[in-house]
Amino acid sequence: MLPTSPFWYDRPAPRWAEGMPVGNGRLGAMAWGPPTEQRFSLNEDTFWSGPPSAAPPDVPAGLLDDVRADLRAGRHVAAGEKLKAAQGRGAEAFQPVGDLVLRTADGGGGLVRELDLRDGVARQFTGGVLQEVLADTATGLLLIGLRTDRPGGLDAELFWRTPQLRHQVRPFGEDGLALLLTAPSHVGDDADRGPVVEHDDPAMSAAALVRVRCAGGDVTADGDRLLLRGVAACTLLVDVRTGFAGRDRTPLGDPEECLRRAAATITAAWPLPWSDLYDAHTAEHRALMDRVRLHLHDVPPPGALPLDVRLRDSAADDGPRDEQLAPLLFDFGRYLLLASSRPGTQAAHLQGLWNDSVTPPWHCDYTVNINTQMNYWPAESTALPECHQPLLDLVAELAAAGTGAARALYGTDGWTCHHNTDLWRATWPVGDGNDDPMWSHWPLAGAWLSLHLAEHWRYGRDADFLRERGWPVAAGAARFLLGLLTEDADGYLVTGPATSPENRFSTADGPASVDLSTAMDLTLARELFGFLAESAPEAGPAADAALLADIAAALPRLRPLGVGSRGELLEWHVERPETEPHHRHLSHLVGLFPGAALTRPRLRAAARRSLELRGDEGTGWSTAWKIGLWARLGDGAAAHRLLGVMLRPVESDADGGGVYPSLLCAHPPFQIDGNFGATAGIAELLVQSHGDVLDLLPALPPAWPAGEVRGLRARGGVTVEHLAWSASTLRSAILRAERPTTLRVRWPSTPTPRTLTLPPGRPYHLTP
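Residues numbered from 1 in each chain as written. Predicted model: local features only at pLDDT ≥ 70, side-chain atom pairs only at ≥ 80, totals over all residues. Heavy atoms only, no water.

Asker: How would you sum up the environment of F593? Please name residues and give values.
Answerer: Mapped onto the elements, F593 comes out in the loop between helix 15 (545–554) and helix 16 (601–614). With 88 residues separating them in the primary sequence, F593 and G681 have C-alpha atoms 9.5 Å apart. When neighbours within four sequence positions are excluded, F593 is seen to be in contact with W377, W625, G628, L629, R632, E684 and H690. (Helix = DSSP H or I, 4+ residues; strand = E, 2+ residues; numbered from the N terminus. Contact = heavy atoms within 4.5 Å.)

Here you go:
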């Protein structure tokens, strides 16, 4: 087999993180392993530990007042110690189902494997056997096709392996093999490979089922495995079903019922031939991938080299030598979003839809102080708004779940969520009374998450969505914020106790993480209040006049952002010495990107200085954020330099941030947010639509002198159907608006924006 995609290798994947991911939003698999023992590591999006049964912590009376008194007196460490009393149980963990293993004899010959991003298919050819793997949305199944021209066909065996302690494997008729599971109800807090901790509360049940349909040869059940003999072609149909019944309901504890559901799904698809299944899947997947296409011209073509070799040869300090890796990274991020987040599924977590450990790093949860948000930065701009829906659903559920924490912990109306949440929509600070508040006590996750509803409305201008979900959910987050605000000594409104996620500053008493205000909190407050005021005319009856009046009164009283002695944007209430000057989080710059509140030249200059002081090195996801930040500053050369850091190959988790040979983002270990953040950052280099101006090629890297992109979206219901440039100059653009639209457009040769009126539904050709 000759590779048809630039995403190919001539060696097997020796470990899970180097495999090829497929997914349909609900069901995912990682294909990896030696050719004689292929592994398909399975995940299902509702297979988590839990549900949590512990009651919220018994918060001491007057805790908030005591903490604020300490902060006003400069006792920051003491304030942080007291806040630990508000911590509840840790987030639950996303769980692996197990591996479906295909064992064959060594057929000899070379190996080629590829991930076809456009078709949504992982392929491998070795020893005369073609293997194709796809996760289909129409049937909901994982489908594996095997074909061979070997004389006598293919002999193989199929069996299950699982890290779950409580499991059973048994035949399902003559052509099927079932794996029945009862997952651990909770896991230890060791993020690496801690011990499983069993509890008495109900555990999640699940069942995985594979059935094999052969053409030529036969399949038989033999105890805990299936035997394939003399097979010329066969299709493996795989499903996983869990006992999840809702965030606030006890899950089904009967794996037999889960097995019946999986069997019914497979039975429904059983009559369909492989060709029909394959063609329908690829057509659906291509239609979504083809909405946006990025091509770079006047740079060397990639060459006929495996991807891991290209990554190794491209590494450089000033940007990637292989410029064609950037469009591939861009496409891969869109592919991963399609694979891990579809309407009706759970939102993508720290590893998207994939995980191979019962004690995954950071529990594979939703870390909502940046990582979950970053997962969805490219959803709107790169024309996958339906993939945004699972996050919007999660936010709506958190709005319902978070009212108790808002009332009990802060005495406010509305709703809140802190650093982490999970399948069960936990909203309290996590940590069991043991964690530094920098990991747990940040109650503005609701405000930031609500801004995703704002972005969904800004891009699509769906008035029904705004009235029915966007405004009500964001209004609840705003009510919480208004109740949280308190005056500082200067008479400004601040959010204390406030943290800047996962960062600390030095005090005479030691490192501290709690202050009276932070730049991040104040920026998110401005962004959230601004959205509600901006959208109120279209929200109609959903817009609360009293709330809008309170917002109008609070906005001018919010503490202004400050600039420090080095010209940097201040992260804390006042200038404070940093304990970690090159910290991975850039929380104080949220108003530069993905937000848009930092518009004043003085604050933008301070943000640039902060970015310079943080430096280029960091985790994979932090590097991706920096790409977007430099793009927002219009510095394409700096953003391109960070792309080189992002594309640095990581062979070991002891290395710094970059990407694995699979192109998956290495924190390390694997975190998918960097892939999504990089895709959003690349889009930001080419099209920006913050504020009231549409910017074309606002941060074009000098290393990309010519190219074209199709299908990027802009706020206001505008699509940039085609954008072409050469000699680093805009040559043409085609814009399309969904409704009559007047907007200002700017490109590098026209620093003064040009006002255009776009007719509804028809292309507008712009030729400078």
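So, next bit.
Asker: Before we move on, could you go through empty space enclosed by the protein and cite the residues and values that matter?
Answerer: Enumeration according to the criterion identifies 2 cavities of 30 Å³ or more in this entry. By volume, the largest cavity amounts to about 70 Å³. For the lining of the largest cavity, the secondary structure elements donating two or more residues are strand 2 (20–23), helix 4 (274–289) and helix 6 (325–340). Of the voids in this model, the second largest cavity is the one considered here, and its volume is about 40 Å³. For the lining of the second largest cavity, the class distribution of residues is 4 nonpolar, 3 polar and 1 charged. (1 Å grid on protein atoms, 1.4 Å probe; cavity = no way out; pocket = protein on both sides within 12 Å on 5 of 7 lines; lining within 4 Å. Points joined across faces, edges and corners; volume = space filled by probe spheres on them. Nonpolar A, V, L, I, M, F, W, Y, C, P; charged D, E, K, R; others polar.)

Asker: Any details on the nonpolar core? Residues and values, ideally.
Answerer: Counting residues in hydrophobic clusters, the biggest one holds 214 residues, and the most contacted among them are L142, V210, L663, L686 and L696. Leave out the neighbours within four places in its chain, and L663 touches F7, Y9, L307, L311, L328, L329, F332, L647 and N675. Membership of the second largest hydrophobic core comes to 18 residues, among which are V121, L134, L180 and L259. (Core = buried A, V, L, I, M, F, W, Y, C linked by side-chain atoms within 4.5 Å. Buried < 20%, exposed > 50% of the residue type's maximum accessible area, 1.4 Å probe, protein only.)

Asker: With reference to specific residues and values, describe the packing of helix 16 against helix 17 (residues 620–632).
Answerer: Here helix 16 crosses helix 17 at 145 degrees, and the two axes come no closer than 11 Å. Our pair here, helix 16 against helix 17, has a crossing hand that is left-handed. Contacts from R604, R608, L611, E612 and R614 of helix 16 reach helix 17 at K626, L629, W630 and R632. Residue composition of the contact of helix 16 with helix 17, by class: 3 nonpolar, no polar and 6 charged. (Axes fitted to C-alpha atoms, helices over the stretch in contact; angles between N-to-C directions. Left-handed = near helix turned anticlockwise from the far one by under 90°.)

Asker: Go over helix 10 (residues 403–410), please, and point to the residues and values.
Answerer: Considered for burial, the residues of helix 10 that qualify are A405, A406, L409 and Y410. Viewed end-on, helix 10 has its buried residues packed into an arc of 100 degrees, placing them on one side of the element. Immediately beyond the C-terminal end of helix 10, within one or two residues, lies G411, with a positive phi of roughly 70 degrees. (Arc of directions from axis to C-beta.)

Asker: Please provide a residue-by-residue account of the sheet that holds strand 2, values included.
Answerer: Spatial strand order, 2-3-4-5-10-17-16: 7 strands in an open sheet with antiparallel pairing. The sheet is open, and its two borders are formed by strand 2 and strand 16 (218–222), each paired with just one other strand. Within the sheet, the average angular offset between the axes of one strand and its neighbour, ignoring direction, is 20 degrees. Examined bridge by bridge, strand 3 (residues 27–32) and strand 4 (residues 37–44) share 6 bridges and lie antiparallel to one another. Looking across to strand 4, one finds that A29 is bridged to L42. (Pairing = 2+ DSSP bridges.)

Asker: I'd like a description of the pairing of strand 34 (residues 741–747), backed by residues and values.
Answerer: Burial along strand 34 is one-sided: the residues T741, L743, V745 and W747 are buried and none of T742, R744 and R746 is. As paired elements, strand 34 and strand 35 (residues 750–758) share 6 bridges and run antiparallel to each other. Each residue of the ladder has a partner; that of V745, found in strand 35, is R754.

Asker: Can you explain the sheet that holds strand 35? Please cite residues and give values.
Answerer: One open sheet holds the 4 strands; their spatial order is 28-29-34-35, and the pairing between them is mixed. The two strands at the open ends of the sheet, each matched to only one other strand, are strand 28 (687–688) and strand 35.

Asker: So what about unusual backbone geometry? Which residues, and what values?
Answerer: With an omega dihedral of 5 degrees, the bond running from G496 to P497 counts as a cis peptide bond. Within the chain, L697 stands out as a residue other than glycine whose phi angle is a positive 55 degrees. Summarising the element assignment, L697 is placed in the loop between strand 29 (693–696) and strand 30 (706–710).

Asker: How would you explain the pairing of strand 9 (residues 142–148) if you had to name every residue and give the values?
Answerer: Of all 7 residues in strand 9, 6 are buried, a share of seventy percent or more. The turn joining strand 8 (residues 129–135) and strand 9, which pair antiparallel and follow one another in sequence, is formed by 6 residues; a positive phi near 80 degrees is taken by G140. Relative to strand 18 (residues 233–242), strand 9 is paired through 6 bridges, and the arrangement is antiparallel. By the bridge assignment, L146 is partnered in strand 18 with C234.

Asker: Break down helix 2 (residues 76–83) for me, with residues and values.
Answerer: Buried within helix 2 are the following residues: H76, A79, G80 and L83. Around the axis of helix 2, the buried residues are gathered within 100 degrees of arc, so they sit on the same side. Tucked inside the fold, the buried residues of helix 2 contact helix 1 (63–72), helix 11 (437–440), strand 24 (505–507) and strand 25 (510–512).

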